[in-house]
Amino acid sequence: MADTASEEGGQGWYVIHCNVEWAKVYLDDKYVGETTLGALTVQVPAGSSYQKIRVQKHGYATFTDSLVKSPLQDEIVHVYTAISPLPETTEAVDGGDMGWYVVHCNIEGATVFFDGLNKGEITRGVVYVPVYSTATPYREFTVKKDGYFSYTGSVPTVPGKGETFDLYATLNPTTAPSPGSTIGGDIGYYKVNGNVDGATVFFDKDEKGTIEQGSLLVQVYVTGTPYKTFTVTKSGYLPYTGSIERYPVKGETVNLYATLATDLSAPSSSETTPVQKSSLLVWATGIALMIAAIAVSRAQK
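Presented here is a report on the structure given in the accompanying data block.

### Notes on the pairing of strand 6 (residues 63-66)
Consideration 1: Here strand 5 (residues 52-56) pairs with strand 6 via 4 bridges, running antiparallel. Counted as the bridge partner of K52 is S66 from strand 6.
Consideration 2: Count of turn residues in the strand 5/strand 6 antiparallel hairpin: 6 residues, of which G59 carries a positive phi of about 90°.

### Some thoughts on the sheet that holds strand 7 (residues 76-80)
Consideration 1: Read from one edge of the open sheet, 3 strands run 4-1-7, paired in mixed fashion. Both outer strands of the open sheet, strand 4 (39-45) and strand 7, are each paired with one neighbouring strand and no more. Each strand of the sheet is rotated relative to its neighbour by a mean of 20°, with strand direction disregarded.
Consideration 2: Of the pairings in the sheet, the one linking strand 1 (residues 11-17) to strand 4 comprises 7 bridges and is antiparallel in character. Bridge pairing in strand 4 links V15 to T41.

### Brief notes about unusual backbone geometry
Consideration 1: Look at L37: it is not a glycine, yet its phi comes out positive at around 55°.
Consideration 2: Tracing the backbone shows L37 in the loop between strand 3 (30-34) and strand 4.
Consideration 3: Of note in this structure, D204 is not a glycine but carries a positive phi near 55°.
Consideration 4: Inspection of the secondary structure assignment puts D204 in the loop between strand 16 (200-203) and strand 17 (206-210).

### Points about the sheet that holds strand 11 (residues 126-132)
Consideration 1: Spatially, 11-8-14 is the arrangement adopted by the 3 strands of the open sheet, whose pairing is mixed. Both outer strands of the open sheet, strand 11 and strand 14 (164-169), are each paired with one neighbouring strand and no more. Direction aside, neighbouring strands of the sheet carry axes that sit 25° apart on average.
Consideration 2: Where strand 8 (residues 98-105) lies against strand 11, 7 bridges are found, and the strand directions are antiparallel. Of the residues in strand 11, the one forming a bridge with W100 is P130.

### Some details on the packing of aromatic side chains
Consideration 1: This structure, assessed with the given rule, holds 10 aromatic pairs.
Consideration 2: When the centroid spacing of 5.1 Å and the interplanar angle of 75° are considered together, the rings of F114 and Y138 count as edge-to-face. Here Y138 lies in the loop between strand 11 and strand 12 (140-144) and F114 lies in strand 9 (residues 111-114), a separation of 24 residues in the sequence. Comparing F114 with Y138 shows no difference in burial state: the two are buried.
Consideration 3: With a centroid separation of 5.4 Å and 70° between ring planes, the pair formed by Y190 and F203 is classed as edge-to-face. Taken together, the residues span a long stretch of sequence, with Y190 in strand 15 (residues 187-194) and F203 in strand 16 at a distance of 13 residues.
Consideration 4: Y190 sits in the buried class, given a relative accessible area of 0%.
Consideration 5: Classification of F203 as buried rests on a relative accessible area of 0%.

Procedures and definitions
Residues numbered from 1 in each chain as written. Predicted model: local features only at pLDDT ≥ 70, side-chain atom pairs only at ≥ 80, totals over all residues. Heavy atoms only, no water. Pairing = 2+ DSSP bridges. Helix = DSSP H or I, 4+ residues; strand = E, 2+ residues; numbered from the N terminus. Axes fitted to C-alpha atoms, helices over the stretch in contact; angles between N-to-C directions. Phe/Tyr/Trp six-rings, centres within 6.5 Å; stacked < 30°, edge-to-face > 60°. Buried < 20%, exposed > 50% of the residue type's maximum accessible area, 1.4 Å probe, protein only.

Below, the structure written as structure tokens:
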């Protein structure tokens with residue numbers, strides 16, 4: 001247990017699961033304890049604003065991720081992490097201390113290059129690149145595979161002895177995916193909030209679904225082409241179009257709001273006029289029969 005909550009604001013808990021015993025856990029770079037029996041329970045103030053988690057242990061690649069949910073009062077939020085052992089290596093006599101770059105990629109079999117030197121292929125989402133802290137620093141890394149656009153990024157630092165430094169690459173296909181296919185990359189969300197259930201939501205010209213129980217959750221890839229507008233429509237209402245000014249980062253949800261107004265120019269029910277005319281005709285016929293009956297009665301007298 002760690003980080004006692006204030007008495008006024010209440011408390012919640014993170015239960016942090018890990019596949020390795022005695023791994024050190026950090027919340028926003030604050031050490032909160034080590035995992036035992038597969039998990040660590042961390043007590044925090046309700047609604048605390050921690051943004052990221054880091055789990056590490058010597059000999060394993062460091063795990064980092066964003067925290068997308070904070071526990072409310074008396075709530076438990078489960079967070080799942082996994083760290084992988086580093087490849088077995090030995091230190092060269094004249095090479096200095098060794099660390100590792102861990103290159104993460106969404107495409108299996110992609111080839112990784114550091115300053116043009118082939119460092120291996122992505123396997124199970126990563127490739128480990130050993131480096132000596134005394135060696136000449138690398139400047140950039142590139143990840144390639146046939147059928148995908150290459151990714152090139154900078155290498156900003158050199159890991160120290162026994163340390164790992166994570167690098168990330170997302171490859172997108174060179175041809176447009178068919179409808180319903182999946183594009184690799186990190187995922188974020190838009191939540192479209194509306195006042196009319198059953199209204200249809202479009203992002204630019206792409207239909208995304210209908211609003212149910214007041215909202216629609218739309219999944220997007222953070223590396224995809226950003227959308228510019230969203231439109232919400234339903235028969236009998238004026239369509240609503242708004243701009244999309246912010247794209248979500250990995251695991252984030254961005255709220256969008258649409259209020260539909262009733263279309264007053266829409267014609268009313270087609271049954272109204274015939275019913276009114278029919279009622280008027282019956283009334284007029286009844287009056288005429290009454291007048292005729294009175295006239296006949298007077299004539300007989």
